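Single-letter residue listing:
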Amino acid sequence: MKYYSTNGKAPMANLEKAVVKGLAEDRGLYMPEEIKKLPKAFFDDMPKMRFQDIAFNVASAFFGDDVDLDALQDLVYDTLQFECPVVKVKDNIYSLELFHGPTLAFKDVGARFMARLLQYFLRQGGSVYGCDTAICSTVNVLVATSGDTGSAVANGFLGVEGIHVYVLYPKGKVSPIQECQFTTLGKNITAIEVDGVFDDCQALVKSAFMDKELNQHMKLTSANSINVARFLPQAFYYFNAVAQLIAQGHKPEDIVICVPSGNFGNICSALFGHQMGMPVKRFIASNNANDVFYNYLQTGKYEPKASVQTLANAMDVGDPSNFARIINLYSENGKLSPEETHQRITSLISGCTYNDEQIKEAMRQCYKETGYILDPHGACGYQALVDGLQPGEVGVFCETAHPAKFKEKVDDILGIDVEIPERLAAFMKGEKQSVPMTKDFEDFKKFLLKR
Ligand SMILES: *Cc1c(COP(=O)(O)O)cnc(C)c1O
């Protein structure tokens, strides 16, 4: 499979290059040249299949040309060592619980998959870097995080030979529980505490990839949600969720998938799934107060702005990277006009935006009515279904993180004492180690050049 850039000014890449480079030379995002439709026989069998086998079918369509199938199966099975169950919350609203992985958030899936895929390519000889030994000398993963990305990537890559991870996070804007999940690991993980907001961290990472001198000094790669190896595997659990709903007697044409969104990688993978034939009726992108996508749906104009801090901080993004992918997908790589593209998008995807007060109210109302504990991100998804489901529809929202990851907030809002799962408690016992950094790229560059 070849991958092209959403900006259209970079050469096509193979999968290995798209994974290693993350971002194309023209700063565009990689898109697969073709999105293969899965056969009818697969969809007929899907409700009876195991999660891992559904995922392997989906993975084969995306990666089967470029990765040996036995290795790919291994990789998929290794990634999905936990379930992503669909749990009924009330009436026709279901929670797709994506928090049963190592760091209790959905990003575990893409992070682990990417770590294993990158390792696979390095073991093949790492041809993108021109390595001629069996294992390429250290590859450095740079990742900007507003919370969950950092922990998922750090844990996905922890101990993976030949790869060092730098996690950049905004000082004071990540919950203590999130922070300990990537600052206490040691080994091949370095945490960098940036005096700025998430968008500053993302800008530092983007600048690093564009810097000639730095790239001559060290082998760099990204693990943000822009990377095809991270976002595409997220499609696995949407197919599985649809399979579970069908198995429970729901009709595919009634299913509405609702995704609490920040950088729009997660919903983008669901939309790719839809292009592969995944049978659902429509999608809802739910946002916190960061409403640029919501505004785009209303007006057809995309006007990025600085992010604002909210209760659902992993969604505090003012200029979502994957917006370019969504536009590219529905404009058929620029063939359709902006108006036609907007029309296609709004006929499939609707939007919602909730401020902190509304998020709190959704959490309280849901807990009171059903006993289900939402985290602030999942609450945006839940409320969008409460507000937007039409008669006859069945909605499934992503519960993107375990409520204990945001324990202080959840306890405070619901007046309860959320139990901390053992995996999370283990992180909290570790000692925090991080490198302080300004948001000035020259400082970051100097630091990396000394490594
Ligand atoms: C990353 C994250 C999101 C947003 O996902 P995107 O792919 O960036 O849209 C939502 N909730 C949680 C808990 C997250 O960690």
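Report on the accompanying structure. (Residues numbered from 1 in each chain as written. Predicted model: local features only at pLDDT ≥ 70, side-chain atom pairs only at ≥ 80, totals over all residues. Heavy atoms only, no water.)

### Remarks on helix 16 (residues 356-370)
Next, step 1: If you check helix 16, its first and last C-alpha atoms are 21 Å apart, about what 15 residues at 1.5 Å a residue would give, namely 21 Å.
Next, step 2: What helix 16 keeps buried is the set I359, A362, M363 and C366. Viewed end-on, helix 16 has its buried residues packed into an arc of 95 degrees, placing them on one side of the element. Residues E357 and K368 are exposed on helix 16 and point more than 90 degrees away from its buried face.
Next, step 3: Looking at the buried side of helix 16, the elements it contacts are strand 4 (86-90), helix 17 (376-388) and helix 18 (407-414).
Next, step 4: Where helix 16 begins, one side-chain oxygen reaches toward the backbone nitrogen of E357, 3.1 Å away; that side chain belongs to N355.
Next, step 5: Positive phi shows up at G371, right after helix 16, with a value of about 80 degrees. (Helix = DSSP H or I, 4+ residues; strand = E, 2+ residues; numbered from the N terminus. Expected span 1.5 Å × (residues − 1). Buried < 20%, exposed > 50% of the residue type's maximum accessible area, 1.4 Å probe, protein only. Arc of directions from axis to C-beta. Contact = heavy atoms within 4.5 Å. Polar contact = N/O pair within 3.5 Å; in protein donor to acceptor, adjacent residues only side chain to side chain.)

### Section: the sheet that holds strand 7 (residues 163-170)
Strand pairing in a sheet is mediated by backbone hydrogen bonds. Such pairs are either parallel or antiparallel.
Next, step 1: With respect to topology, five strands assemble into an open sheet ordered 9-6-7-8-14, the strand pairing being parallel. For this open sheet the edge positions go to strand 9 (219-222) and strand 14 (435-437), each flanked by a neighbour on one side alone. On average, adjacent strands in this sheet sit at an angle of 30 degrees to one another, irrespective of strand direction.
Next, step 2: Pairing of strand 6 (residues 139-144) with strand 9 involves four bridges; the strand directions are parallel. Along strand 9, the bridge assignment pairs N140 with L220.
Next, step 3: On the sheet, helix 8 (residues 198-210) packs against strand 6, strand 7, strand 8 (189-194) and strand 9 and is oriented at approximately 150 degrees with respect to strand 6. (Pairing = 2+ DSSP bridges. Axes fitted to C-alpha atoms, helices over the stretch in contact; angles between N-to-C directions.)

### Description of the nonpolar core
Next, step 1: If you look at the biggest cluster of nonpolar residues, it comprises 144 residues, and the most contacted ones within it are F63, L96, L117, F157, F239 and I257.
Next, step 2: Excluding its chain neighbours within four sequence positions, the residues that come into contact with L117 are L15, V19, V67, L75 and A229.
Next, step 3: The next biggest cluster of nonpolar side chains, apart from the first, holds 21 residues, and it includes F209, L214, V317 and L448. (Core = buried A, V, L, I, M, F, W, Y, C linked by side-chain atoms within 4.5 Å.)

### What to know about the packing of helix 12 (residues 265-275) against helix 14 (residues 323-330)
Next, step 1: Where helix 12 contacts helix 14, the two axes come as close as 10 Å, and the packing angle between them is 20 degrees. Taken together, helix 12 and helix 14 sit at an angle that is classed as roughly parallel. In this structure, the crossing between helix 12 and helix 14 has a hand that is left-handed. Of the residues in helix 14, those touching helix 12 at I267, C268, L271, F272 and Q275 are R325, I326, L329 and Y330.
Next, step 2: Across the contact of helix 12 with helix 14, the residue classes break down as seven nonpolar, one polar and one charged. (Parallel < 35°, antiparallel > 145°, perpendicular 65-115°, else oblique. Left-handed = near helix turned anticlockwise from the far one by under 90°. Nonpolar A, V, L, I, M, F, W, Y, C, P; charged D, E, K, R; others polar.)

### Some points on the packing of aromatic side chains
Next, step 1: For the structure on display, the rule yields 17 aromatic pairs.
Next, step 2: Their ring planes at 40 degrees and their centres at 6.1 Å tell us that F293 and Y296 sit as a pair that is tilted. Placement of both F293 and Y296 in helix 13 (residues 292-299) is noted, with a separation of three residues, approximately one turn of the helix. As far as the burial class goes, F293 and Y296 line up, both buried. (Phe/Tyr/Trp six-rings, centres within 6.5 Å; stacked < 30°, edge-to-face > 60°.)

Just geometry here; none of it tells us what the structure is for.
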